[in-house]
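Tertiary structure, described
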Amino acid sequence: MADMLNDLPEVGKRSTTRVRAKLKANVIKAFEKPFVLLLVVGSFLAVSTVLAKSAPDFGWHPLALLQWSILGGAVTLFMVTRLVARADGQQEGSTGTSVRRQLIAYLAISGVLFIAPNMIAVVAAPKVGAGFVSLSFAFPLVLTYAIAVFLRLEHLQFLMGAGVLFGLAGGVLLAMSGANLSADASLWSVFALSIPVFLASGNIYRTLKWPEGAKPVDLALGMMATGFLALAAFTAVWGVPVVPESWTLEASVLLLSQTAIFALQYGLYFRLQQTAGPVYLSQIGSVAAVVGLGLGYLVFGEVPNAAKAAAVVFVGIGIILVSLGRRRRQGI
């Protein structure tokens, strides 16, 4: 009897270990699903745009906040992934010279294509509104699918094609929604609409040139590091102040918040691309468009006009049709 009582703590420990293992497996399984990844990454993209608009209110230049939060996000992601790898007993692999050269070129180009739209977004958000910038992220779906079909990465499929057309209609409505802006803001709205070109190009490039054997999280780290270096060079040349006007608690919290968002967002970004491909990945812009419009209203009181509201409806229909088309193509 005494032995049985002594064994109870061990039984409890084994039971707790099994529960934790099952919970971990369920979480991992959930984040293997493209739809879950799409919603999470797209929502974080919208939140980061909203935080960028808040930067001047807390003494930050938007580009300075972007610069340090990208670096902080990369460092945070590196530390977390290495701790997890060490806990699981994983070891680092070695790569040959030719593979390293391919990886360096890949990360350099990916970093530029990554940082350019982010720079435009954070600078344009205070001018035209977080909702408008978020909605401009809806365009890459159209461009990515068109390029993918042209390069024969995707086949022309009715439901996906229809979804892309709905996304295009939403983008046109978005462009119309900026007609009543001031002359200066109108110029920035046109500038913001260049974001999809960079994003679509990046979506296709990363798929075509994905380094053999590279892990998604390592590519995310490299892309963020090269993006930081490119942005640091830009801010140095243009004399952008890289620290806030004063280190208030609010300024520090904003930096930490943006850092955490980037670590999570781009930690899952490449996983989504690897799992679902460039066209499905490009829908993060559509998710960001819808979420960002809502956050723009809740946080900044940006009331969407009829064109923006209609754009949300069309973008939502586009997401549904593309998702259904993908499932049908895969026979799910």
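Figured I'd write up the structure that's included with this text. In every chain, residue numbers begin from 1 and rise along the written sequence. In view of the model being predicted, local features appear only for residues whose pLDDT reaches at least 70, and side-chain atom pairs are presented and counted only at 80 or more, with totals across whole chains, interfaces and linings using the full set of residues. The basis for every side-chain value is the complete set of heavy atoms in the structure, and neither hydrogens nor water enter the calculation.

We now examine the overall build of the protein. A tally of regular secondary structure across the protein gives 14 helices and zero strands. Only runs of H or I of at least four residues qualify as helices and only runs of E of at least two qualify as strands under DSSP, and these elements are numbered from the N terminus. For the protein, the sequential pattern of α-helices and β-strands runs α-α-α-α-α-α-α-α-α-α-α-α-α-α. Under the scheme applied here, a residue whose accessible area is under 20% of the maximum for its type counts as buried, over 50% as exposed, and between as partly exposed, the area being computed with a 1.4 Å probe on protein chains only. Of all 332 residues assigned to the protein, the portion counted as buried reaches 47%. For the protein, long-range pairs separated by at least 24 residues make up 87% of all intrachain contacts whose partners lie at least 6 apart in sequence. By definition, residues are in contact when any of their heavy atoms lie within 4.5 Å.

Here we come to the packing of helix α6 (residues 140-150) against helix α9 (residues 195-208). For helices, the axis comes from a line fit to the C-alpha atoms of the stretch in contact; other axes are also lines fit to C-alpha atoms, and the angle between any two N-to-C directions lies between 0 and 180 degrees. Here α6 crosses α9 at 40°, and the two axes come no closer than 8 Å. Classified by the interaxial angle, the pair formed by α6 and α9 is oblique. When you trace α6 past α9, the crossing you get is right-handed. On α9, the residues touching Pro140, Leu143, Thr144, Ile147 and Ala148 of α6 are Pro196, Val197, Leu199, Ala200, Asn203 and Ile204. Residue polarity follows a fixed list, in which Ala, Val, Leu, Ile, Met, Phe, Trp, Tyr, Cys and Pro are nonpolar, Asp, Glu, Lys and Arg are charged, and the others, Gly among them, are polar. Tallied by class, residues from the contact of α6 with α9 come to nine nonpolar, two polar and no charged. Angle categories are assigned with fixed cut-offs, so that under 35 degrees is roughly parallel, over 145 is roughly antiparallel, 65 to 115 is roughly perpendicular, and the rest are oblique. Rotating anticlockwise by less than a right angle from the far helix to the near helix defines a left-handed crossing, while the corresponding clockwise rotation defines a right-handed one.

Viewed as axis vectors pointing N to C, α9 and helix α11 (residues 249-276) meet at an angle of 65°, and their least axial separation amounts to 11 Å. Classified by the interaxial angle, the pair formed by α9 and α11 is roughly perpendicular. Regarding α9 and α11, the two cross each other, and that crossing is right-handed. Where α9 approaches α11, its residues Asn203, Arg206 and Thr207 are matched on the opposing element by Tyr269, Phe270 and Gln273. Here the residues of the contact of α9 with α11 are counted per class, giving two nonpolar, three polar and one charged.

Now for the nonpolar core. Throughout, nonpolar core names a set of buried Ala, Val, Leu, Ile, Met, Phe, Trp, Tyr and Cys residues whose side chains join them through atoms within 4.5 Å. Within the largest apolar cluster, 57 residues are counted, with the highest numbers of intra-cluster contacts made by Leu66, Ile70, Val133, Ile195, Phe270, Leu272 and Ile284. In terms of residue count, helix α4 (residues 97-128) provides more of this core than any other element does, 12 residues in total. Every residue in contact with Ile195, bar those within four places of it in the chain, is listed here: Pro117, Ile120, Ala121, Val133, Ser136 and Phe137.

So, about unusual backbone geometry. Phi is positive for Arg152, which is not a glycine, with a value near 65°. Residue placement: Arg152 occurs in the loop between α6 and α7 (158-177).

Turning our attention to the packing of aromatic side chains. Pairs were defined over the aromatic rings of Phe, Tyr and Trp, the Trp ring being its six-membered one, requiring ring centres within 6.5 Å. Orientation was assigned from the angle between planes: stacked under 30 degrees, edge-to-face over 60, tilted for the rest. As enumerated under the stated definition, the model contains 10 aromatic pairs in all. Seen from their ring centres, Trp60 and Trp247 are 5.4 Å apart, and the 90° between their planes marks the pair as edge-to-face. With a gap of 187 residues between them, Trp60 in the loop between α2 (34-54) and α3 (62-87) and Trp247 in the loop between α10 (216-237) and α11 connect regions that are remote in the sequence. The exposed category is assigned to Trp247, whose relative accessible area is 53%. Residues Phe114 and Tyr266 carry aromatic rings whose centres are separated by 4.8 Å and whose planes lie at 80° to one another, so their mutual orientation is edge-to-face. With Phe114 in helix α4 and Tyr266 in helix α11, the pair connects residues that are 152 residues apart, well separated along the chain.

Let us look at empty space enclosed by the protein. Of the two site types, the cavity is a set of points on a 1 Å grid over the protein atoms alone where a 1.4 Å probe fits but cannot get out, and the pocket is an open set with protein on both sides within 12 Å along at least five of seven lines, each lined by residues with an atom within 4 Å of a point. Grid points are joined across faces, edges and corners, and a volume is the space filled by probe spheres set on the points. Within this structure, the stated rule accounts for three cavities of 30 Å³ or more. What the largest cavity holds in volume is close to 170 Å³. Leu45, Phe137, Leu199, Tyr269 and Ile284 are the residues nearest the centre of the largest cavity, which is lined by 19 residues in total. Contributing elements (two or more residues each) for the lining of the largest cavity: α4, α9, α11 and α13 (284-300). Considering every element that reaches the lining of the largest cavity, the biggest residue donor is α9, with five residues. Residue classes in the lining of the largest cavity are distributed as 12 nonpolar, six polar and one charged. By volume, the second largest cavity amounts to about 60 Å³. If you trace the second largest cavity, you find it lined by Leu45, Ser48, Thr49, Ala52, Asn118, Ala121, Val122, Phe137, Gln258 and Phe262. Broken down by secondary-structure element, the contributors of at least two residues to the lining of the second largest cavity are α2, α4 and α11.

This part is about the environment of Val128. In this fold, Val128 is placed in helix α4. We classify Val128 as buried; its relative accessible area is 7%.

We now examine the environment of Phe300. Residue position: Phe300 is located in helix α13. For the pair Phe300 and Gly129, spaced 171 residues apart in sequence, the C-alpha separation works out to 8.7 Å.

Looking at where Ser48 falls in the secondary structure, it is placed in helix α2. Any pair of nitrogen or oxygen atoms within 3.5 Å is treated as a polar contact; in protein, a donor-acceptor pairing is required on top of that, and neighbouring residues in sequence qualify only through side-chain atoms on both sides. There is a polar contact of 2.7 Å between the side chain of Ser48 and the backbone oxygen of Leu45. Those residues in contact with Ser48 that sit more than four places away from it in its chain are Gln258, Ile261, Phe262 and Gln265.

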